[in-house]
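Single-letter residue listing:
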Amino acid sequence: MDRIAYFKSLLEKNPDNPMVHYSLGLEYFKVKDYENAIKHLERYLELQEDEGAAYRTLAKCYEELGEFQKAIEVLEEGIRQAMKYNHPSMAQEYQQWIEELKGMAF
């Protein structure tokens, strides 16, 4: 059984398990299925507070789809979470990324 099928089977048993949604989102990201990755990462973030790292993958999905403004919004929330959990270097990384995205958005 591949990893996506495995995590989907776990999700059938427990549809509100945040870590399964996170894991499934990462697996979809790896195979460049950004729409499904977004669906599961956003569900993960609805179910569980994150210290900031999940926002990186979610923003990258939106960037890959050309949705730069949405990527910026995700990173801004990632900055808030990173600062809340005392991860200033992550917040700085996200801020630099936002500046790059602003140059790409039209």
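Structural data are supplied above this passage.
Numbers given to residues run from 1 along each chain, matching the order in which its sequence is written. In keeping with the predicted nature of the model, local features appear solely for residues at pLDDT of at least 70, side-chain atom pairs appear and are counted solely at 80 or more, and the whole-chain, interface and lining totals rest on all residues. Neither water nor hydrogens contribute to the side-chain values; these are computed over all heavy atoms in the structure.

**Quick look at helix H4 (residues 53-64)**
- Strands here are runs of E lasting at least two residues and helices are runs of H or I lasting at least four, both read from the DSSP assignment and numbered beginning at the N terminus. Here a helix's expected span is defined as the number of its residues, less one, multiplied by 1.5 Å. Relative to the 16 Å expected for 12 residues at 1.5 Å per residue, H4 spans 17 Å between its end C-alpha atoms, a close match to the ideal helical length.
- Along H4, the residues classified as buried are Ala54, Tyr55, Thr57, Leu58, Ala59, Cys61, Tyr62 and Glu63.
- Contact partners of the buried residues in H4: helix H2 (18-30), helix H3 (34-47), helix H5 (68-84) and helix H6 (88-104).
- Following H4 by one or two positions, glycine 66 adopts a phi angle in the positive range, close to 80°. Throughout this description, buried means an accessible area under 20% of the type-specific maximum (1.4 Å probe, protein chains only), exposed means over 50%, and partly exposed covers the range between. Contact between two residues is taken to exist if any of their heavy atoms lie within 4.5 Å; hydrogens are not considered.

**Description of unusual backbone geometry**
- Positive phi, close to 65°, is recorded for lysine 32, a residue that is not glycine.
- If you trace the backbone, lysine 32 turns up in the loop between H2 and H3.
- For asparagine 86, which is not glycine, the phi dihedral falls at a positive 60°.
- Mapped onto the elements of the fold, asparagine 86 is located in the loop between H5 and H6.

**A few points about H3**
- The first and last C-alpha atoms of H3 sit 20 Å apart over 14 residues, in line with the 20 Å expected at 1.5 Å per residue.
- Taken together, the buried positions of H3 are occupied by Tyr34, Ala37, Ile38, His40, Leu41, Tyr44 and Leu45.
- Those residues of H3 that are buried lie in contact with helix H1 (3-13), H2 and H4.

**Regarding the packing of aromatic side chains**
- Geometry of aromatic contacts follows a simple scheme: Phe, Tyr and Trp rings, the Trp one being its six-membered ring, pair when their centres are within 6.5 Å, and the pair is stacked under 30 degrees between planes, edge-to-face over 60, tilted otherwise. Taken as a whole, this structure holds 3 aromatic pairs when the rule is applied.
- Here the aromatic rings of tyrosine 22 and tyrosine 44 are separated by 4.8 Å at their centres, their planes lie at 45°, and the arrangement is tilted. Pair noted here: tyrosine 22 is in helix H2 and tyrosine 44 is in helix H3, with a separation of 22 residues, a long-range link. Each member of the pair tyrosine 22 and tyrosine 44 is classed as buried.

**A few points about the environment of tyrosine 28**
- Here tyrosine 28 lies in helix H2.
- Spatially, the C-alpha atom of tyrosine 28 lies 9.9 Å from that of leucine 41, the residues being 13 residues apart in sequence.
- If sequence neighbours within four positions are ignored, tyrosine 28 has contacts with Ile4, Lys8, Asp33, Asn36, Ala37 and His40.

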